[in-house]
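These are the residues of each chain, in order.
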Amino acid sequence: MTTQRTAPSPGVTLKTETAVEMLGVHKWYGEFHVLRDINLKVQRGERIVICGPSGSGKSTMIRCINRLEEHQQGRIVVDGIELTNDLKRIDEIRRDVGMVFQHFNLFPHLTILENCTLAPIWVKKMPKKDAEEVAMKYLKRVKIPEQANKYPGQLSGGQQQRVAIARSLCMNPKIMLFDEPTSALDPEMVKEVLDTMVGLAEEGMTMLCVTHEMGFARQVADRVIFMDYGQIVEMNTPDEFFRNPQHERTKLFLSQIL
Ligand code: ADP
Ligand code: MG
């Protein structure tokens with residue numbers, strides 16, 4: 001059963017019905033063909049879970065969405081804006097697309113509060129006081145306002161990852177990308193991060209999550225994608241995906257992780 005979706009807050013509203021569209025996308029690393037004809041249309045408010053073996057191209061695919069990686073063939077359109085070499089448009093897209101990584105990527109020499117206010121102050125030109133207010137709002141949301149003046153190294157992995165999510169939310173993103181946000185965490189910290197992600201999903205955030213947390217996929221995903229060798233091998237509702245996988249490669253993968 002999927003979670004109930006409440007009305008999206010105004011800040012997360014996309015301009016177009018289609019949040020992300022990838023059409024015939026190919027990418028190479030030198031000679032290596034890493035993405036092969038990716039076709040994917042993500043609707044506003046949709047929650048997509050992406051799984052697949054290590055090296056199958058999951059990170060590369062979602063990193064193309066905010067141009068951390070460049071595709072060489074095909075089209076990628078994010079909330080109506082096509083990704084080209086136009087730097088202004090890339091900036092525009094990056095402002096709307098938040099990303100959370102496996103290894104948190106917090107700035108170690110800045111406090112938790114400073115990590116959260118840096119981009120709003122420098123990119124959005126928000127006054128410091130307002131940025132701090134927004135940051136505290138989201139630190140409360142991820143349940144660690146009391147850590148605001150500490151440094152990342154003083155926090156547990158689970159807390160750092162929740163800071164990374166709060167930091168993204170401070171930019172008021174319309175789409176969130178998660179790249180294995182729980183795979184570097186000790187098991188007892190996985191739940192606190194997943195709970196935060198479930199909360200976001202329930203609020204109607206458009207999300208693409210690379211994760212092997214299949215409980216999360218069952219709970220919140222509208223669609224689950226299985227990737228292998230740079231291709232989308234299978235894409236289905238969680239119910240169908242787990243009950244009735246179509247491809248041998250999907251069956252094999254599921255038998256290894258479930
Ligand atoms: P996944 O996230 O599914 O584990 P990735 O998207 O990270 O897979 O990587 C897909 C393939 O591309 C892997 O074989 C990886 O070694 C290769 N790859 C990733 N990044 C680079 C890079 N910057 N240069 C060359 N090869 C890369
Ligand atoms: Mg990866």
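Since the model is a prediction, treat every value here as computed from it, not as a measurement.

## Points about the pattern of salt bridges
Part 1: Applying the stated criterion across every chain yields a total of 16 salt bridges.
Part 2: For Arg223, the salt bridge goes to Glu46, with nearest N and O atoms at 2.7 Å. Separated by 177 residues along the polypeptide, Arg223 in strand E9 (residues 223-228) and Glu46 in the loop between strand E2 (32-43) and strand E3 (47-51) bring together distant segments of the chain. Comparing Arg223 with Glu46 shows no difference in burial state: the two are buried.
Part 3: A salt bridge links Glu203 to Arg141, with the shortest nitrogen-to-oxygen separation between them at 3.3 Å. On the criterion of sequence distance, the pair formed by Glu203 in the loop between helix H6 (187-202) and strand E8 (206-210) and Arg141 in helix H4 (residues 128-141) is long-range, its members being 62 residues apart.
Part 4: The partly exposed category is assigned to Glu203, whose relative accessible area is 28%.
Part 5: Look at the salt bridges and you will find they share partners, linking Lys15, Asp79, Asp96 and Lys174 into a network.

## A closer look at the pairing of E2
Part 1: Where strand E1 (residues 18-29) and E2 come together, 8 bridges link them in antiparallel fashion. Bridge pairing in E2 places Lys27 opposite Leu35.
Part 2: Counting the residues between successive antiparallel strands, the hairpin from E1 to E2 contains 2 residues, one of them, Gly30, with a positive phi of roughly 60 degrees.

## Description of the state of the cysteines
Part 1: Applying the stated criterion to the full structure yields 0 disulfides.
Part 2: Counting only cysteine sulfurs, Cys170 is the nearest neighbor of Cys116, a cysteine outside any disulfide, at a range of 4.7 Å.
Part 3: When its relative accessible area of 0% is taken as the criterion, Cys116 is described as buried.
Part 4: Taking the relative accessible area as the measure of exposure, Cys170 reaches 4% and is therefore buried.

## Observations regarding the UniProt feature "domain: ABC transporter" (unreviewed entry) in the chain
Part 1: Per the UniProt record, "domain: ABC transporter" (unreviewed entry) is found at residues 20-254.
Part 2: The span residues 20-254 carries 39% helix and 26% strand; its end-to-end C-alpha distance comes to 27 Å.

The rules behind these values
- Residues numbered from 1 in each chain as written.
- Chains lettered and ligands numbered in written order.
- Predicted model: local features only at pLDDT ≥ 70, side-chain atom pairs only at ≥ 80, totals over all residues.
- Heavy atoms only, no water.
- Salt bridge = Lys/Arg side-chain N within 4 Å of Asp/Glu carboxyl O.
- Helix = DSSP H or I, 4+ residues; strand = E, 2+ residues; numbered from the N terminus.
- Buried < 20%, exposed > 50% of the residue type's maximum accessible area, 1.4 Å probe, protein only.
- Pairing = 2+ DSSP bridges.
- Disulfide = S-S within 2.5 Å.
- UniProt positions renumbered as here; feature names shortened; annotations may be inferred.

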